[in-house]
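Fold and contact review
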Amino acid sequence: MRIGVEGFQGQRLKQLRAAHSLTLAELGEQVGRSPSTLSAWEKGSQLPEAESFGRLCEVFGVSQQWFFKPIVQVTEESSLRPYFFRSQASTHKQARERSQLYLLWLQEISVFFQDAMDWPPVNVPMLDADDCRLISDDEIEDLARECRQRWRLGTGPIPDVIQVMENAGIICTRATLGHVKMDGVSHVSVMDGRPYVLIAEDKANAIRSRFDAAHELGHIVLHSRIPASQYSKKELYSLMEEQAHRFASAFLLPSDSFSQEVVWPTLDNLLALKSRWKVSVAAMIVRCRDLSLLNEQLELRLWKGRSARQWTKGEPGDDAIPFEQPKLMARGVHLLVDNGVFSRDELVHQIGLSSEIVEMLCNLRRGYLTEQPNAAGNVVALKLKPRAKRVGERVAGDILPFKQ
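**As for the overall build of the protein chain**
Across its full length, the protein chain holds 19 helices and four strands. Per-residue burial for the protein chain yields a buried fraction of 49% across its 404 residues. Partitioning the intrachain contacts of the protein chain with sequence separation of at least 6 by distance along the chain shows that 75% fall at a separation of at least 24. Accessible surface for the protein chain amounts to roughly 21,100 Å². Of this, 51% is attributable to carbon and sulfur atoms.

See the structure below:
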């Protein structure tokens, strides 16, 4: 008979350690146990005793409930659904692991919410293709156009890309990953069949972040049914990234309307269009090339001119618009709390993660889950009766008997 806290899920410990970038030795110093013991806990060959279990909860700020939640098991179906990352370099391994964990936790929170509420239905066209090499540029243009038509966006600039995605049933979040070259990750969940998107909060400006969101939408539309084995191949990974870029460009800059506004593709003319379309000059140069609005010589001149103006590190107008913020998860939290389904404390306890991580993933105001409700709001209100009903009193308008 094993000694320790029964039901402890060692993989949950491994997740938390990866999310906090802690080695076994570093965590061992905080818990007071050896790295080999911690490794045995993660593998499930040993169980932590009650004191160490409590210490783990304190170190990570999670409830005991968290360590008892079973991990979603990898099945043949789930192994075929890739997580689409914008960076595959080995130097970004920690950021990729953290982003994948955050997106997995977001899915778990979302599914937990769905026991008490409904999200908008998924309304996203997903290409039924199992080989990315067979996807043509014309198909990408058509699918971007179909998204706009299905979502009634017209052919003009899109005011808020993330809101459009959430309205189509895609759950989005913004999170700090600790790596500026990590743009985001997307995945169609095996838990509920719903697309999920994480956009890195480390990005320098909202213009780039909008394009990142459209890029992840491109992966969902184009590659949701592409086997993960293709995405792991370097040459096919590069192709899928180019295809997602093409989709993002076509989605944000529709061929008919955008080409009509590009009277002459000079840097100054494109910069003048930037505030309207909320797309970088660099992205517009690429779109002009894709639409054959410039030749190779003019394209090269634009890239050289952009570099000469030192726009490679940042373009004028990058800070002119605020970052788009996901709202769907936060609205779900407020719906559950405001209607008394959960108190804030109970919600954090049931989810199990620290309040800081839940607030980040649900895009809540920092401190929302830990602040106490206004005490005055819990006091029963008292009010006076109308004066005419008070015992022993008369008010103006009473008829008094007249003495004879």
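**Looking at the packing of aromatic side chains**
Summed over the entire model, instances satisfying the criterion amount to 12 aromatic pairs. Residues Phe-53 and Phe-67 carry aromatic rings whose centres are separated by 5.8 Å and whose planes lie at 65 degrees to one another, so their mutual orientation is edge-to-face. With Phe-53 in helix 4 (residues 50-60) and Phe-67 in helix 5 (residues 64-68), this pair connects stretches of sequence that are 14 residues apart. Exposure class is identical for Phe-53 and Phe-67. Each is buried. Relative to Trp-105, the ring of Trp-66 has its centre 5.5 Å away and its plane inclined at 90 degrees; by these criteria the two rings are edge-to-face. Separated by 39 residues along the polypeptide, Trp-66 in helix 5 and Trp-105 in helix 7 (residues 93-113) bring together distant segments of the chain. Per residue, the accessibility class of Trp-66 equals that of Trp-105, and both read buried. Every member of this aromatic cluster is reached through a ring pair, and the members are Phe-8, Phe-53, Phe-67 and Phe-68. In this structure, Arg-12 packs its charged tip against the face of Trp-66, placed 4.3 Å from the ring centre. Over the aromatic face of Tyr-368 sits the side chain of Arg-344, whose NZ or CZ is 4.1 Å from the ring centroid.

**Things to note about the pattern of salt bridges**
Between side chains of opposite charge, a pair can form as their charged atoms come close. Tallied over the full model, the rule gives 23 salt bridges. Here Asp-290 and Arg-246 are joined by a salt bridge, their closest N and O atoms 3.7 Å apart. One end of the pair, Asp-290, is in helix 15 (residues 281-290); the other, Arg-246, is in helix 12 (residues 234-252), and 44 residues separate them in sequence. Judged by relative accessible area, Arg-246 falls into the buried class, the value being 15%.

**Details of the nonpolar core**
Of all hydrophobic cores here, the largest spans 56 residues; its most connected members are Leu-56, Phe-67, Trp-105, Phe-113, Leu-347 and Leu-353. Element by element, the count of residues in this core is highest for helix 7, at nine residues. If near-sequence neighbours (up to four positions away) are discounted, Phe-113 is found in contact with Trp-119, Met-329, Gly-332, Val-333, Leu-336, Leu-347 and Ile-351. Grouped together as the second largest cluster of nonpolar side chains are 54 residues, Ala-129, Ala-250, Ala-283 and Leu-294 included.

**Some points on helix 18 (residues 344-351)**
Taken residue by residue, helix 18 has Arg-344, Leu-347, Val-348 and Ile-351 as its buried positions. For helix 18, the buried positions fall inside an angular range of 95 degrees around the axis, keeping them on one side. After helix 18 finishes, the residue Gly-352 shows a positive phi value of roughly 100 degrees.

**Some words on the side chain of Arg-12**
Mapped onto the fold, Arg-12 is located in helix 1 (residues 10-19). Residue classification places Arg-12 among the buried positions, given a relative accessible area of 1%. Within the structure, the side chain of Arg-12 is placed 3.0 Å from the backbone oxygen of Lys-69, a separation counted as a polar contact. Dropping the residues within four chain positions of it, Arg-12 is found in contact with Trp-66, Phe-67, Lys-69, Pro-70, Ile-71, Trp-105 and Glu-108.

**Regarding the pairing of strand 2 (residues 171-175)**
With five of five residues buried, strand 2 is to be regarded as a mostly interior element. Here strand 2 shows two buried faces, one formed by Ile-171, Thr-173 and Ala-175 and the other by Cys-172 and Arg-174.

**Quick notes on the side chain of Ser-224**
Counting through the fold element by element, Ser-224 comes out in the loop between helix 10 (206-223) and helix 11 (228-231). What makes Ser-224 buried here is its relative accessible area of 11%.

**Digging into the packing of helix 10 against helix 12**
Look at helix 10 against helix 12: their axes get within 7 Å of each other, and the N-to-C directions meet at 115 degrees. If you check the angle between helix 10 and helix 12, you find them roughly perpendicular. Relative to helix 12, helix 10 is oriented so that their crossing is right-handed. Residues Arg-210, Phe-211, Ala-214, His-215, Leu-217, Gly-218, His-219, Val-221, Leu-222 and His-223 of helix 10 touch helix 12, and the partners they reach there are Met-240, Glu-241, Gln-243, Ala-244, His-245, Phe-247, Ala-248, Ser-249, Phe-251 and Leu-252. Here the contact of helix 10 with helix 12 is composed, by residue class, of 11 nonpolar, seven polar and two charged.

**A look at the confidence of the model for the protein chain**
Looking at the protein chain as a whole, the pLDDT averages 87, with 85% of positions reaching at least 70. Below pLDDT 50 for its whole length, residues 75-79 participates in five contacts with residues either more than four positions away or in separate chains. In the predicted structure, residues 395-404 sits below a pLDDT of 50 and forms three contacts with residues beyond four places in sequence or in another chain.

**What to know about the pairing of strand 4 (residues 195-200)**
As a general feature of sheets, a regular strand has side chains that alternate between the two faces. Burial within strand 4 is extensive, with six of its six residues counted as buried. Neither face of strand 4 is exposed, since Pro-195, Val-197 and Ile-199 on one face and Tyr-196, Leu-198 and Ala-200 on the opposite face are all buried. Direction of pairing for strand 3 (residues 184-188) relative to strand 4: antiparallel, over a ladder of five bridges. By the bridge assignment for strand 4, His-187 is matched with Tyr-196. Between strand 3 and strand 4, which pair antiparallel in sequence order, lie six residues; one of them, Gly-193, sits at a positive phi of approximately 70 degrees.

Each value, and the rule that gives it
Residues numbered from 1 in each chain as written. Predicted model: local features only at pLDDT ≥ 70, side-chain atom pairs only at ≥ 80, totals over all residues. Heavy atoms only, no water. Helix = DSSP H or I, 4+ residues; strand = E, 2+ residues; numbered from the N terminus. Buried < 20%, exposed > 50% of the residue type's maximum accessible area, 1.4 Å probe, protein only. Contact = heavy atoms within 4.5 Å. Areas by Shrake-Rupley, 256 points an atom, 1.4 Å probe, with all protein chains shown as cover. Phe/Tyr/Trp six-rings, centres within 6.5 Å; stacked < 30°, edge-to-face > 60°. Lys NZ or Arg CZ within 6 Å of the ring centre and 35° of its normal. Salt bridge = Lys/Arg side-chain N within 4 Å of Asp/Glu carboxyl O. Core = buried A, V, L, I, M, F, W, Y, C linked by side-chain atoms within 4.5 Å. Arc of directions from axis to C-beta. Polar contact = N/O pair within 3.5 Å; in protein donor to acceptor, adjacent residues only side chain to side chain. Axes fitted to C-alpha atoms, helices over the stretch in contact; angles between N-to-C directions. Parallel < 35°, antiparallel > 145°, perpendicular 65-115°, else oblique. Left-handed = near helix turned anticlockwise from the far one by under 90°. Nonpolar A, V, L, I, M, F, W, Y, C, P; charged D, E, K, R; others polar. pLDDT = per-residue confidence, 0-100. Pairing = 2+ DSSP bridges.

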